[in-house]
Amino acid sequence: MQKSYDYIILGAGCAGLSLLMRMIDSGQFADKRILLIDKEPKTKNDRTWCFWEKEKGFFEKIVYRKWDGLVFRSDNYSSLLDIAPYKYKMIQGIDFYNYCFSEINKQENVDVIYDEIKSFDASVIQLANQSIKTGDAIVFNSLYQTAEKKMDKFYLLQHFKGWIIETKKNSFNPGVATLMDFRVHQDYGTTFVYTLPLNERAALVEYTLFTESLLNDQQYEEELKIYVKEFLKIDAFKVIDEEFGVIPMTNEQYSFYANGVYNTGTAGGQTKPSTGYTFQFIQKQVKAIVDALINKRNLSSLRFSPKRFQFYDSTLLHLLAKGELSGKEIFTRMFKKNKAEQVFKFLDNETSLSEEIKIMSTLQIGTFFKAGVKEFLK
Ligand SMILES: Cc1cc2nc3c(=O)[nH]c(=O)nc-3n(C[C@H](O)[C@H](O)[C@H](O)COP(=O)(O)OP(=O)(O)OC[C@H]3O[C@@H](n4cnc5c(N)ncnc54)[C@H](O)[C@@H]3O)c2cc1C
């Protein structure tokens, strides 16, 4: 007979594992049966997560590198940003997966199944090799499905190719990372490079675009070569690892609760449409979920960010997708005219309305206003 579960978590990626780790850490779910399903064991270093954070975070133990200083560069403006009280942090995917599974594997109340999920709803999870009746379990999903495109929504992609390069001579300052370098050409659309030094002789250099379609592999590599040579002024280097990723940037609504299932992570709308940052939104989301479960509050009424941020994101996407303003113009102005602390708070959806008005007033207000009205009327 099939076991019954209290909670079923679909997807053992950032959201699924963050949720389960919070549940385990709280000590309040030891008598509950939990099932975690993913298509395969998490054995690859398939991504690095970077994010800004003020205090020590839930995953502080596995922070691989952190920087107190961040550089922003554009044609007529370059600055070493004062990011205090934030630090910019990096977690490697493989460290995250190993850390989570070293805890999860100790839990007698947690079962893990590796099998492809073919379909699911609130009552049945159809796997390639078996089907699981959910019974009374609460189902959390983090499998992202692209929606059918709608005329009134924007669908940009944040896509990037990164190289970890190694040099023979000291070439990097490990205390300072480059958040965005917009000095590169903008022929494909909004394009920037970030450089995250791992030590004096190694750095992750990532060529990043916010556009509707991907480049081919050769194009990313060509641009990376040019950047390393012309902007970092490095002639001799070795590529020791690489990363490629695509993050959806859309104002399509991915709701938290739908058809009896709770959606988390990117699938649950936690990717910030105008920046692609997701890691910290996931952490906030799963914390709120676990707090609500412990306090027996209604999950479906949870809200993770004030609604007005959806409107700001739609306005920004509107400007980028329609080419009315470039990311280079918007972010240069944002960082030039505002303290980094305020920008980070705004991009975290944590500012007050009066702080938002102050930030808006430093941007191209007329263009923003026109785009905002169009988005509002939709
Ligand atoms: C390369 C890369 C780098 C990124 N870097 C950053 C960053 O620096 N900062 C930031 O904030 N965000 C970043 N993101 C965005 C975001 O944080 C990540 O995509 C994050 O992993 C999203 O978490 P998630 O749980 O929603 O999805 P995932 O982590 O992708 O988890 C989904 C899980 O579902 C499983 N799955 C999918 N389909 C099936 C199926 N049919 N059956 C069974 N299992 C299935 C997958 O194996 C996976 O384990 C990055 C994304 C990528 C791709």
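Residues numbered from 1 in each chain as written. Predicted model: local features only at pLDDT ≥ 70, side-chain atom pairs only at ≥ 80, totals over all residues.

Engineer: Break down the overall build of the chain for me, citing the residues and quoting the values.
Structural biologist: On a plain count of helices and strands, the chain comes out with nine helices and 19 strands. Oriented by its inertia axes, the alpha-carbon framework of the chain measures out at about 65 × 55 × 40 Å. By residue count, 38% of the 378 residues in the chain fall in the buried class. Of the contacts formed within the chain by residues at least 6 apart in sequence, a portion of 71% connects residues at least 24 apart. (Helix = DSSP H or I, 4+ residues; strand = E, 2+ residues; numbered from the N terminus. Buried ≥ 20, exposed ≤ 12 C-beta atoms within 10 Å, placed from the backbone. Contact = placed C-beta atoms within 7 Å.)

Engineer: Which residues make up the nonpolar core, and what are the values?
Structural biologist: Judged by nonpolar contacts, the single largest core of 75 residues is most densely connected at Ile8, Ile9, Ile34 and Val205. Setting aside anything within four residues of it in sequence, one finds Ile34 in contact with Tyr5, Asp6, Tyr7, Ile9, Leu20, Phe29, Asn109 and Val110. Listed in part, the 13 residues of the second largest apolar core include Met249, Phe309, Leu317 and Phe368. (Core = buried A, V, L, I, M, F, W, Y, C linked by C-beta atoms within 7 Å.)

Engineer: Break down the packing of helix 1 (residues 14-26) against helix 4 (residues 279-294) for me, with residues and values.
Structural biologist: In helix packing, the relevant descriptors are the interaxial angle and the interaxial distance, both defined with respect to the helix axes. Put simply, helix 1 and helix 4 touch, their axes get as near as 9 Å, and they point 40° apart. Here helix 1 is positioned oblique relative to helix 4, judged by the angle of their axes. Helix 1 and helix 4 meet at a crossing whose hand is right-handed. Between helix 1 and helix 4, the residues in contact are Cys14, Ala15, Ser18, Leu19, Arg22, Met23 and Ser26 and Phe279, Ile282, Gln283, Val286, Lys287, Ile289, Val290 and Ile294, respectively. Residues belonging to the contact of helix 1 with helix 4 are distributed by class as follows: 10 nonpolar, three polar and two charged. (Axes fitted to C-alpha atoms, helices over the stretch in contact; angles between N-to-C directions. Parallel < 35°, antiparallel > 145°, perpendicular 65-115°, else oblique. Left-handed = near helix turned anticlockwise from the far one by under 90°. Nonpolar A, V, L, I, M, F, W, Y, C, P; charged D, E, K, R; others polar.)

Engineer: For the domain arrangement of the chain, give the residues involved together with the corresponding values.
Structural biologist: Domain assignment breaks the chain into domain 1 (7-51 + 94-148 + 251-301), domain 2 (155-250) and domain 3 (308-377). Between the C-alpha centres of domain 1 and domain 3 the distance comes to 31 Å. Counting residues at the interface gives seven residues for domain 1 and seven residues for domain 3. When grouped by side-chain class, the residues that make up the side of domain 1 that touches domain 3 number two nonpolar, four polar and one charged. (Domains from an automatic or database assignment.)

Engineer: Give me unusual backbone geometry: which residues, what numbers.
Structural biologist: The general pattern is negative phi for most residues beyond glycine and trans for most peptide bonds. The residue after Ala84, namely Pro85, is reached through a cis peptide bond having omega 10°. As for its position among the elements, Pro85 is in the loop between strand 6 (78-82) and strand 7 (87-92). Here Asn349, not a glycine, exhibits a phi torsion of approximately 60°, which is positive. Position of Asn349 relative to the elements: it lies in the loop between helix 7 (340-347) and helix 8 (353-361). For Asn349, a count of 19 C-beta atoms within 10 Å corresponds to the partly exposed category.

Engineer: Go over the pairing of strand 6 with me, naming the residues and quoting the values.
Structural biologist: Across five bridges, strand 5 (residues 69-73) lies against strand 6 in antiparallel orientation. Within the sheet, the bridge partner assigned to Gly69 lies in strand 6 and is Asp82. Between strand 5 and strand 6, which pair antiparallel in sequence order, lie four residues. (Pairing = 2+ DSSP bridges.)

Engineer: Let's hear about the site of the ligand: which residues, and what values?
Structural biologist: Residues in contact with the ligand amount to 26 residues; listed here are only the nearest, Gly11, Gly13, Ala15, Gly245 and Gly265. Counting only elements with at least two residues in the shell around the ligand, the list comes to helix 1, strand 3 (48-53), strand 17 (238-250) and helix 4. Looking at side-chain class alone, the shell around the ligand contains 13 nonpolar, eight polar and five charged residues. (Near = placed C-beta within 6 Å.)

Engineer: An account of helix 4 is requested, with residue identities and associated values reported.
Structural biologist: The first and last C-alpha atoms of helix 4 sit 23 Å apart over 16 residues, in line with the 22 Å expected at 1.5 Å per residue. Among the residues of helix 4, those classed as buried are Phe279, Gln280, Phe281, Ile282, Gln283, Gln285, Val286, Ile289, Val290 and Leu293. On the buried face of helix 4, the contacting elements are helix 1 and strand 3. One or two steps after helix 4, the chain reaches Lys296, where phi turns positive at roughly 55°. (Expected span 1.5 Å × (residues − 1).)

Engineer: Outline the pairing of strand 14 (residues 176-181), listing residues and values.
Structural biologist: Across five bridges, strand 5 lies against strand 14 in parallel orientation. When the sheet's bridge partners are listed, Val71 is paired in strand 14 with Thr178. In the sheet, strand 14 pairs with strand 15 (residues 190-199) via two bridges, with the strands oriented antiparallel. Bridge pairing links Thr178 to Thr195 in strand 15.

Engineer: Kindly report on the sheet that holds strand 2 (residues 34-38), identifying the contributing residues and their values.
Structural biologist: Two pairing modes exist for strands in a sheet, parallel and antiparallel, and in both the strands are linked by backbone hydrogen bonds. Across the sheet, which stays open at both edges, the six strands sit in the order 8-2-1-12-19-18 with mixed pairing between neighbours. The open sheet has two edge strands with one neighbour each: strand 8 (110-114) and strand 18 (257-258). With respect to the sheet, helix 1 is in contact with strand 1 (7-10), strand 2 and strand 12 (138-141), its orientation differing from that of strand 1 by roughly 150°.

Engineer: With reference to specific residues and values, describe the environment of Asn259.
Structural biologist: By the element assignment, Asn259 lies in the loop between strand 18 and strand 19 (261-263). Measuring from C-alpha to C-alpha, the distance between Asn259 and Asp121 comes to 7.1 Å, with 138 residues separating the pair along the chain. The residues touching Asn259, leaving out its near neighbours within four places in the chain, are Asp121 and Ala122.

Engineer: Would you mind going over the environment of Thr146 in detail, with residue names and values included?
Structural biologist: By secondary structure assignment, the location of Thr146 is in the loop between strand 12 and strand 13 (155-166). With 9 C-beta atoms packed within 10 Å, Thr146 lands in the exposed category. Separated by 187 residues in the primary sequence, Thr146 and Arg333 have C-alpha atoms spaced 32 Å apart.

Engineer: Report on the sheet that holds strand 15, specifying residues and quantitative values.
Structural biologist: Spatial ordering of the open sheet is given by 6-5-14-15-16-13-17, a layout of seven strands whose pairing is mixed. Edge positions in the sheet fall to strand 6 and strand 17, since each of these pairs with one other strand and no more. Pairwise comparison of adjacent strand axes, ignoring direction, gives a mean angle of 20° for this sheet. Where strand 13 meets strand 16 (residues 202-211), 10 bridges bridge the pair, whose relative direction is antiparallel. Bridge pairing links Gln158 to Phe210 in strand 16. In this fold helix 3 (residues 217-231) packs onto strand 13, strand 14, strand 15 and strand 16, with an angle of close to 125° to the strand it touches most, strand 16.

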